[in-house]
Amino acid sequence: MNWKLIEDKSWCSLEQQFEWVREMNVVPQDTCYHAEGSVAEHTRMVLEALQQSSAYQTLCTLEKEIIWTSALLHDVEKRSTSVDEGEGRVSAKGHARKGEYTTRTILYRDCPAPFHIREQIASLVRYHGLPVWLMEKSDSVKKLCEASLRVDTSLLKMLAEADVRGRICEDKNGLLEAVELFEIFCREQDCWSKPREFATDYARFHYFHAEGSYIDYIPHEQFKCEVTMLSGLPGMGKDYYIQSAGMDMPVVSLDAIRRKYKLSPTDKSANGRVVQMAKEEARTYLRKGQDFVWNATNITRQMRAQLIDLFVDYGAKVKIVYLEQPYHTWRQQNKSREYALPESVLDKMLDKLEVPQLTEAHEVVYHVV
């Protein structure tokens, strides 16, 4: 596969093609940690440091493109999160998380990348600061294992090292030492350049959901039923998937409830009532130990977590099926729907999309066209 974000990788070309690159020139940084200047200056230095590294030279063409694009985008949302605290101090809390969303949108809508490449880049942007700060976190092992299920930790280290080398600061040596310790820690936890393995899917789910769980604990599996939770933006074909997959089981559908009571999907005041009715319907199946499908968008982790907690409390196994079509196909499908949503609503939903991860459920399936 020969996917590329852009052929001409000169900074001049990047500024001409992408508004978000041009905006980096006017985003200031903390003078203590980034004496080099703006986000643009830092990003240029990071790209240079990356391309000069011996580790980068050993990568295949696609891996080079993945990490180069991640480096270009790693601070893209400092533009929206930076706060001037005075006397040269600038904070940009949450820029990595928001940067993940922006990266996903750019590589889905503007510069389409194959799903697995896009998600690798979005995840590298999300976790780019982890190698430096990992050992300061109280749940460092869990954070590391979570990241390893989403990114190649060797690429993550490479990005973090370039991020450090591409700046002017007094504590550069200390930061580089932290990056080296990250690799050692990854090897100790058996997740260097590979995902952390778990004995079973349930063992993985239990570790990430149970407070104080032992990482190698293998819980006994005794599920009363299975809930298939669909996840995807409106118009991605969830109803069609249920029909074509031959899923002979009850379906709890938020859209069906809205239509029954003549409620608009854009009526926020009615959303709570619709969800409560759907949950009560789900409880009737959970009490009977009946498999069923939960059919709704479920595009954020928080939205999914509340439901998963409910299902698990009744002893259910949870399988998330994420559905995605190419951007233009998705837009066209929405226009063709009987209950089409406004384009502005779709844009807002795309901007907050969180693709389901293996840490969230017993099983996660990606049905991507």
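Once a new chain begins, its residue numbering starts again from 1 and follows that chain's sequence as written. Residues qualify for local features only when their pLDDT is at least 70, as the model is predicted, and side-chain atom pairs are given and counted only at 80 or more; totals for whole chains, interfaces and linings, by contrast, use all residues. Side-chain calculation: all heavy atoms of the structure are included, whereas hydrogens and water are not.

Chemist: I tried to follow the domain arrangement of the protein on my own but got confused; where do I start?
Modeler: When the parts of a complex come together, some accessible area is lost, and that lost area is often taken as the interface size. Assigned domains of the protein: these are domain 1 (11–189) and domain 2 (225–368). Its C-alpha centre places domain 1 at a distance of 32 Å from the equivalent point of domain 2. At the interface, twelve residues of domain 1 touch 18 residues of domain 2. E324 is the salt-bridge partner of R118, the closest N and O atoms lying 2.7 Å from each other. Think of a polar contact as two N or O atoms within 3.5 Å of one another; within protein, one of them needs to be a possible hydrogen donor and the other a possible acceptor, and neighboring residues in sequence only count if both atoms come from side chains. One can count six residue pairs in polar contact (both at pLDDT 80 or more) joining domain 1 with domain 2. An automatic or database domain assignment supplies the start and end points of every domain. Contacts were defined at the residue level, with two residues in contact if any of their heavy atoms lie within 4.5 Å. Throughout this description, the term salt bridge denotes a Lys or Arg side-chain nitrogen within 4 Å of a carboxyl oxygen of Asp or Glu.

Chemist: What is the right way to read the pattern of salt bridges from this model?
Modeler: Where side chains of opposite charge bring their charged atoms close, a pairing between them can arise. Tallied over the entire structure, the rule returns 31 salt bridges. Measuring nitrogen to oxygen at the nearest pair gives 2.9 Å for the salt bridge that ties E77 to R79. The partner of R118 in a salt bridge is E119, with the nearest N and O atoms 2.9 Å apart. On the accessibility criterion, R118 (1% relative accessible area) is buried. Each residue's exposure class comes from its accessible area (1.4 Å probe, protein chains only) as a fraction of the maximum for that residue type: buried when under 20%, exposed when over 50%, partly exposed otherwise. The class of E119 is buried, set by a relative accessible area of 9%. Each of E100, R104, R118, E119, R126, R150 and E324 takes part in a single network of salt bridges with overlapping partners.

Chemist: Is there a simple way to think about the layout of surface pockets in this case?
Modeler: Any empty space left between atoms is shown by rolling a water-sized probe over those atoms. A cavity, in this analysis, means grid points on a 1 Å lattice covering only the protein atoms where a 1.4 Å probe fits yet has no way out; a pocket is instead an open set bounded by protein on both sides within 12 Å along at least five of seven lines, and a residue lines either one if it has an atom within 4 Å of a point. Grid points are joined across faces, edges and corners, and a volume is the space filled by probe spheres set on the points. Space inside the largest pocket adds up to approximately 1,300 Å³. As for the largest pocket, its lining consists of 40 residues, and the residues nearest its centre are P234, R258, P265, T297 and M349. Looking at the lining of the largest pocket, the elements with two or more residues in it are α14 (238–244), α15 (254–260), α16 (268–288), β5 (292–295), α17 (301–313), α18 (327–336) and α19 (343–351). Residues were grouped as follows: Ala, Val, Leu, Ile, Met, Phe, Trp, Tyr, Cys and Pro as nonpolar; Asp, Glu, Lys and Arg as charged; and all remaining residues, including Gly, as polar. Looking at the lining of the largest pocket, its residues break down into 15 nonpolar, 14 polar and eleven charged. Here the second largest pocket defines a volume of roughly 920 Å³. Along the walls of the second largest pocket sit 36 residues, with A92, H95, H128, G129 and W133 positioned nearest its centre. For the lining of the second largest pocket, the secondary-structure elements that each account for two or more residues are β2 (89–91), α7 (95–110), α8 (115–127), α9 (130–133), α10 (140–148) and α11 (153–165). Along the lines of polarity and charge, the residues of the lining of the second largest pocket split into twelve nonpolar, ten polar and 14 charged. A run of H or I in DSSP counts as a helix once it spans at least four residues, and a run of E counts as a strand once it spans at least two, with each numbered from the N terminus.

Chemist: When you look at the packing of aromatic side chains in this model, what are you seeing that I'm missing?
Modeler: Aromatic ring pairs are described here by two measures, namely the spacing of the ring centres and the angle between the planes. Geometry of aromatic contacts follows a simple scheme: Phe, Tyr and Trp rings, the Trp one being its six-membered ring, pair when their centres are within 6.5 Å, and the pair is stacked under 30 degrees between planes, edge-to-face over 60, tilted otherwise. Counted according to the given criterion, the structure contains 14 aromatic pairs. On the numbers, 5.4 Å between centres and 45° between planes, the contact of F115 with Y366 is tilted. Taken together, the residues span a long stretch of sequence, with F115 in helix α8 and Y366 in strand β7 (residues 363–368) at a distance of 251 residues. Owing to a relative accessible area of 17%, F115 belongs among the buried residues under this scheme. Overall, the relative accessible area of 33% leaves Y366 in the partly exposed class. Between Y202 and F223, the ring centres sit 5.1 Å apart and the planes meet at 55°, which makes this aromatic pair tilted. Taken together, the positions of Y202 in helix α13 (residues 201–209) and F223 in the loop between α13 and β3 (225–231) put the pair 21 residues apart, joining distant regions of the chain. Under the relative-accessibility criterion, Y202 is labelled buried at 19%. Given a relative accessible area of 29%, F223 falls into the partly exposed group. Taken together through their ring pairs, the aromatic side chains of Y285, F292, W294 and F311 make up a single cluster. Positioned above the aromatic ring of Y207 is the side chain of K142, whose terminal nitrogen or guanidinium carbon lies 4.8 Å from the ring centre. A ring is considered to have a charge above it if a Lys NZ or an Arg CZ atom is located within 6 Å of its centre and within 35 degrees of its normal.

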